[in-house]
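# Summary of structural features
What follows is each chain in one-letter form.
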Amino acid sequence: MKKLALIVLTIMSILSTKANVTITESNYDAQIDLAEHFFVYEDLTNSLDISDVTDEDFLKSCTQSPTNEILIGGGQNNIWIVLTIENKTEKRYTGYLTLDNPLISEVIFYNNIDSTTFNTGMFYPFPQRHGDSKYYTFRINLDPKQKGSYYIKLTKQHTACRVIMRLTSQAAYAATRNSQQRTNGFLYGIIIVVLIITLLNYLSDHNQTFISNAFLLAFSAALTLWYDLTIYKILVPDSPSNNILVFHLLLPATFAAFAYFAKCNFPPQKFKNRYLTPSAIISYVSFAVIVTNMLATGRMLAITLIRSYIVIVAVYFIFCLITTDKQNNFFRFRATVSALILFELAFKNFFYASSIGPLHTDEHFALAATITIAGFQLYMFGRKYIMTRSEYLED
């Protein structure tokens, strides 16, 4: 019996050591992988408060997270996260604990070092977030040989999303933020260039193909900027309710732009019933997404419809590329890919059930793809300009 008790105590000791985050000289300036280093508990009663979760027996009810991410919302209740960090170095540690998803309804952060509580979330004014970051970031200060426990409450919400937890040193945090800002700046700068070229093409030919693409690109980019919280940060930083209103206007406008683009670029030549054409189906799904997104209980359905929508759009456009005339196929392909890349960026926080890598990898992929597409667009525009100029000189 004594041997069994000793084995149990040993296993518990090993698990406890594994769960704690330990700051050493080797990881002092790095980003620390939090997989298996924090505990998660779903409050089925939605009634627990700080006094309940700081009790020593509370950890016995928690589950050790095997990864550094959590899925919240979509029918789940309040989620509690418990994390212990110990600084074993001889110098003061300053780091940042970040929840990498900008769309969490409410976050309550508590630490046992100075017993302070901080409330933040999507329905709080944007300037209240630390360091002007779109994510929820909390400063961690530990003196030499000091240990601190941190408790995070993610309030029940309808929108299902993926939250990645990161613990980053002060130096690594600054470097990561600078990299993300540069990448986003290049991405949206190139999108503006492509938009200008598209409008110039329209002014030259007065072809609805170009103006439909301009609408699609503009509204897709605006929707992406909303999900990236750029619109919130710049236009309505002190008004969360107006920020939500902007979204309710942008979402139907973007889907309407998709339907208009489909109508202008891919006339349904092989479908006798106009109410069952792919472009009509796209319009139906668009309307369903808009309606379900307005309903508090329909967010999960809205996300499912959005996923289906992107698949339908991609398949339909591929079909049209094969069956319609080849004259403007490159333009159609470029316009479609551009819009779908922006959609992927907009909904990236919902699409993945597991992490493939740092979130900013998505931005790097989008940037590379957009640069390639913009390069081809510039080439085509330059070639057209040279041909027009040559014809003018010959006359």
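Residues numbered from 1 in each chain as written. Predicted model: local features only at pLDDT ≥ 70, side-chain atom pairs only at ≥ 80, totals over all residues. Heavy atoms only, no water.

### Let's talk about the overall build of the chain
Helix and strand counts for the chain stand at eleven helices and twelve strands. Every one of the 395 residues in the chain was classed for burial, and the buried ones make up 48%. Accessible surface computed for the chain: about 19,900 Å², of which carbon and sulfur atoms make up 63%. (Helix = DSSP H or I, 4+ residues; strand = E, 2+ residues; numbered from the N terminus. Buried < 20%, exposed > 50% of the residue type's maximum accessible area, 1.4 Å probe, protein only. Areas by Shrake-Rupley, 256 points an atom, 1.4 Å probe, with all protein chains shown as cover.)

### Structural notes on the confidence of the model for the chain
If pLDDT is low for a region, its predicted coordinates should not be looked at in detail. The predicted model of the chain averages 75 in pLDDT, with 64% of residues at 70 or higher. pLDDT under 50 marks residues 4-17. Its contacts with residues more than four places away, or in other chains, come to one contact. Per-residue pLDDT stays below 50 along residues 350-361; that stretch engages in 30 contacts with residues further than four places along the chain or on separate chains. (pLDDT = per-residue confidence, 0-100. Contact = heavy atoms within 4.5 Å.)

### Focus: the packing of aromatic side chains
As enumerated under the stated definition, the model contains nine aromatic pairs in all. Ring plane angle 5° and centroid distance 4.3 Å describe the contact between Phe109 and Phe138, whose orientation is recorded as stacked. Of this pair, Phe109 sits in strand S8 (residues 107-111) while Phe138 sits in strand S10 (residues 136-142); the two residues are 29 residues apart in sequence, bridging distant segments of the chain. Overall, Phe109 belongs to the buried group, its relative accessible area being 6%. For Phe138, a relative accessible area of 4% puts it in the buried group. Here the aromatic rings of Tyr110 and Tyr151 are separated by 6.0 Å at their centres, their planes lie at 45°, and the arrangement is tilted. (Phe/Tyr/Trp six-rings, centres within 6.5 Å; stacked < 30°, edge-to-face > 60°.)

### Focus on the pattern of salt bridges
Using the criterion set out here, one finds five salt bridges in the structure. In this structure, Lys91 and Glu25 form a salt bridge, with 3.6 Å as the shortest nitrogen-oxygen distance. A residue pair is termed long-range when its members are at least 10 positions apart, and Lys91 in the loop between strand S6 (78-87) and strand S7 (93-99) and Glu25 in the loop between strand S1 (21-23) and strand S2 (31-32) qualify at 66 residues. Lys91 sits in the partly exposed class, given a relative accessible area of 36%. A salt bridge links Lys145 to Glu90, with the nearest nitrogen and oxygen atoms 3.3 Å apart. (Salt bridge = Lys/Arg side-chain N within 4 Å of Asp/Glu carboxyl O.)

### So, the pairing of S7
Strand residues, when the strand is regular, have side chains that alternate between the two faces of the sheet. In terms of burial, S7 is a largely internal element, seven of the seven residues being buried. Burial along S7 is two-sided: Tyr93, Gly95, Leu97 and Leu99 facing one way and Thr94, Tyr96 and Thr98 facing the other are all buried. Relative to S10, S7 runs antiparallel, the two sharing seven bridges. The residue bridging Thr98 from the neighbouring strand is Thr137, located in S10. The pairing of S7 with strand S12 (residues 161-169) spans five bridges and is antiparallel. Residue pairing in the sheet places Thr98 in a bridge with Arg166 of S12. (Pairing = 2+ DSSP bridges.)

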